[in-house]
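Structural overview for review
Each chain, written out:
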Amino acid sequence: MSLAVCTFLAWITILILAMLPKTLTLLEMVFLFFVCTIFELSIFTIFHLNLHWIEVSTSPEKSFANLTIRLICVPVILVIISNVQFYPSNTLRWILLTTIVVLGVILQKIMQWLGIITTPHWNMWLTILMWCSYFAFARVMVWFIRYLKKTEDRVA
Amino acid sequence: MIIYDTHFNANEWFIMISLCFGFVCVAFFPKRFPRQVAAVFLMCGVYSGFFFDHSLSVEPISFYDVNDISKFQLMDFLSYFMYAPFSYFFFYAYDRLQLKPSYIPLYILVWSLASVGIEWLAVLFGVFHYQHGYQLAYSLPIYLLVQSCWVALYHGLKNRSFL
């Protein structure tokens, strides 16, 4: 059940990314997907293995469900967010950003409800803070990858 | 939690020397790719390392631990960046050689065997600690799969004129 739900959610995020009007190039999105996965996995591993603020179920199904969310769903959401950040309408941008934060909180609640994770030392505000830090990181990385192109163009 | 050692010794030196050597080579080799593409090729290795280490070395499977303890440490994080120059030179040589399609499987095999060799060295220096029956040979199919994906990525980017 948990694996099916998480795979479905991951597929929905891929679907949204596929249908979304893009403001980033494919290369920028690939780079962003890589670095966001690395960042998100590192943060999660610190909370899980080092601090024990989040515990992951050791059942194979739930563990794979967690990996599906960590390796596909969250990085794809961050690629979506990065595309959204460059939309011309400020209102639309903020509405979408807020919606994604709320969906991030709901995603965590779903994972808890499915028994994939337990959060003995955690609260909703930490989830919001975590998502905001992911967004900030993704934004910095978009700036970085675009800066590389700019400096190259300048040299040329 | 398993503690393998608590000192700055062979495994840490292996990581530091590999990192320095790898990135010095990247810096001094003639540039072949646009900067954005080079960044993606560098991150390819780091991403693959993270992807498989966080799939294979966490509960419930946990086939191996990285470095001194089974917790996530700064040196573990840095160790993934050892893969960056490796993936960069994989793409670099692939682009330089411009292989015929029939030679691509051989190219991937050679790099996968080289990867297994480097992993063997890393095990020797205490970077990886296998458990639950995991063996070095099991890494070969993973490298073959990962590097096949890298070749697919290279052609995907080339077809869209990023190269």
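It should be emphasised that the depicted structure is a prediction, and the values quoted were computed from it without experimental measurement.

Definitions and cut-offs
- Residues numbered from 1 in each chain as written.
- Chains lettered and ligands numbered in written order.
- Predicted model: local features only at pLDDT ≥ 70, side-chain atom pairs only at ≥ 80, totals over all residues.
- Heavy atoms only, no water.
- Helix = DSSP H or I, 4+ residues; strand = E, 2+ residues; numbered from the N terminus.
- Buried < 20%, exposed > 50% of the residue type's maximum accessible area, 1.4 Å probe, protein only.
- Areas by Shrake-Rupley, 256 points an atom, 1.4 Å probe, with all protein chains shown as cover.
- Lys, Arg positive; Asp, Glu negative; His and termini not counted.
- Charge placed at Lys NZ, Arg CZ, Asp CG, Glu CD.
- Phe/Tyr/Trp six-rings, centres within 6.5 Å; stacked < 30°, edge-to-face > 60°.
- Expected span 1.5 Å × (residues − 1).
- Contact = heavy atoms within 4.5 Å.
- Axes fitted to C-alpha atoms, helices over the stretch in contact; angles between N-to-C directions.
- Parallel < 35°, antiparallel > 145°, perpendicular 65-115°, else oblique.
- Left-handed = near helix turned anticlockwise from the far one by under 90°.
- Nonpolar A, V, L, I, M, F, W, Y, C, P; charged D, E, K, R; others polar.
- Buried area = accessible area lost by both parts, 1.4 Å probe.
- Polar contact = N/O pair within 3.5 Å; in protein donor to acceptor, adjacent residues only side chain to side chain.
- UniProt positions renumbered as here; feature names shortened; annotations may be inferred.

Brief notes about the overall build of chain A
Helix and strand counts for chain A stand at five helices and two strands. If you list the helices and strands of chain A from N to C, you get α-α-β-α-α-β-α. The principal-axis extent of the C-alpha atoms belonging to chain A is close to 55 × 30 × 25 Å. Out of the 156 residues in chain A, the part that is buried amounts to 48%. Looking at chain A as shown, the accessible area adds up to about 7,700 Å², and 75% of this sits on carbon and sulfur atoms. Distance from the positive charge centre (10 side chains) to the negative charge centre (6 side chains) of chain A: 9 Å.

Digging into the packing of aromatic side chains
Tallied over the full model, the rule gives 42 aromatic pairs over all chains. Judged by centre distance (6.1 Å) and plane angle (35°), the ring pair of Phe31(A) and Phe144(A) falls under tilted. Taken together, the residues Phe31(A) in helix H2 (residues 26-50) and Phe144(A) in helix H5 (residues 124-155) connect sequence positions 113 residues apart. Judged by its relative accessible area of 2%, Phe31(A) falls in the buried class. Arranged with centres 6.3 Å apart and planes meeting at 90°, the rings of Phe33(B) and Tyr92(B) form a pair that is edge-to-face. With Phe33(B) in the loop between helix H1 (10-28) and helix H2 (35-56) and Tyr92(B) in helix H4 (residues 83-97), this residue pair connects regions lying 59 residues apart in the sequence. The two residues Phe33(B) and Tyr92(B) agree in class, both being buried.

Considerations on helix H4 (residues 90-113) of chain A
Residues and elements named next belong to chain A. If you check H4, its first and last C-alpha atoms are 34 Å apart, about what 24 residues at 1.5 Å a residue would give, namely 34 Å. Listing the buried residues of H4 in full gives Leu-97, Ile-100, Val-101, Gly-104, Val-105, Leu-107, Gln-108 and Met-111. On its buried face, H4 is in contact with helix H1 (2-19), helix H3 (60-84), strand E2 (117-118) and H5. Two residues or fewer after H4 comes Gly-115, characterised by a positive phi angle close to 80°.

Let's talk about the packing of H4(B) against helix H6 (residues 139-159) of chain B
The geometry of a pair of packed helices is captured by two quantities: the angle between their axes and the separation between those axes. All names here are of chain B. Two elements in contact, H4 and H6, have axes separated by 11 Å at closest approach and are oriented at 55°. Between H4 and H6, the interaxial angle falls into the category oblique. For the pair H4 and H6, the sense of crossing is right-handed. Contacts between H4 and H6 involve Phe-86, Ser-87, Phe-90, Phe-91, Tyr-94 and Asp-95 on the former and, on the latter, Gln-147, Trp-150, Val-151, Leu-153, Tyr-154 and His-155. Looking at the contact of H4 with H6 residue by residue, the class counts come to eight nonpolar, three polar and one charged.

Regarding unusual backbone geometry
Positive phi, close to 55°, is recorded for His52(A), a residue that is not glycine. Along the chain, the position of His52(A) falls in the loop between H2 and strand E1 (55-56). Overall, the relative accessible area of 38% leaves His52(A) in the partly exposed class. Phi at Asn67(B) is positive, roughly 65°, even though this residue is not glycine. Its place among the elements puts Asn67(B) in the loop between strand E1 (64-66) and helix H3 (74-80).

Here's the deal with the interface of chain B and chain A
On the side of chain A, 31 residues touch chain B, which itself brings 26 residues to the contact. Across the interface of chain B and chain A, roughly 2,600 Å² is buried in total on both sides, 77% from carbon and sulfur atoms. When the buried area of chain B at its contact with chain A is split by residue, Arg35(B), Gln36(B) and Tyr47(B) rank highest and sum to 27% of it. Linking chain B to chain A there are five residue pairs in polar contact (both at pLDDT 80 or more). By residue number, the principal contributor to the side of chain B that touches chain A is H2(B), which donates 13 residues. Here the side of chain B that touches chain A is composed, by residue class, of 18 nonpolar, four polar and four charged.

Concerning H5(A)
Residues and elements named next belong to chain A. For H5, built from 32 residues, the straight-helix expectation of 46 Å at 1.5 Å per residue is met to within 8% by its first-to-last C-alpha distance of 47 Å. Here H5 has its buried residues at Thr-127, Met-130, Trp-131, Tyr-134, Phe-135, Phe-137, Ala-138, Met-141, Val-142, Ile-145, Leu-148 and Thr-151. Where H5 begins, one side-chain oxygen reaches toward the backbone nitrogen of Trp-125, 3.0 Å away; that side chain belongs to Asn-123.

Focus: the UniProt feature "transmembrane region" (unreviewed entry) in chain A
All names here are of chain A. In this numbering, the UniProt entry assigns the feature "transmembrane region" (unreviewed entry) to residues 28-51, 63-86, 92-110 and 122-145. Counting secondary structure, residues 28-51 comes out at 96% helix and 0% strand; the distance between its end C-alpha atoms is 33 Å. As annotated, residues 92-110 comprises 100% helix and 0% strand, and the C-alpha atoms at either end are separated by 26 Å.

A look at the side chain of Thr119(A)
Residues and elements named next belong to chain A. Structurally, Thr-119 is set in the loop between E2 and H5. Residue classification places Thr-119 among the buried residues on the basis of a relative accessible area of 18%. Here Gln-112 takes part through its side chain, which lies 3.0 Å from a polar atom of the side chain of Thr-119. If sequence neighbours within four positions are ignored, Thr-119 has contacts with Trp-53, Ile-54, Gln-108 and Gln-112.

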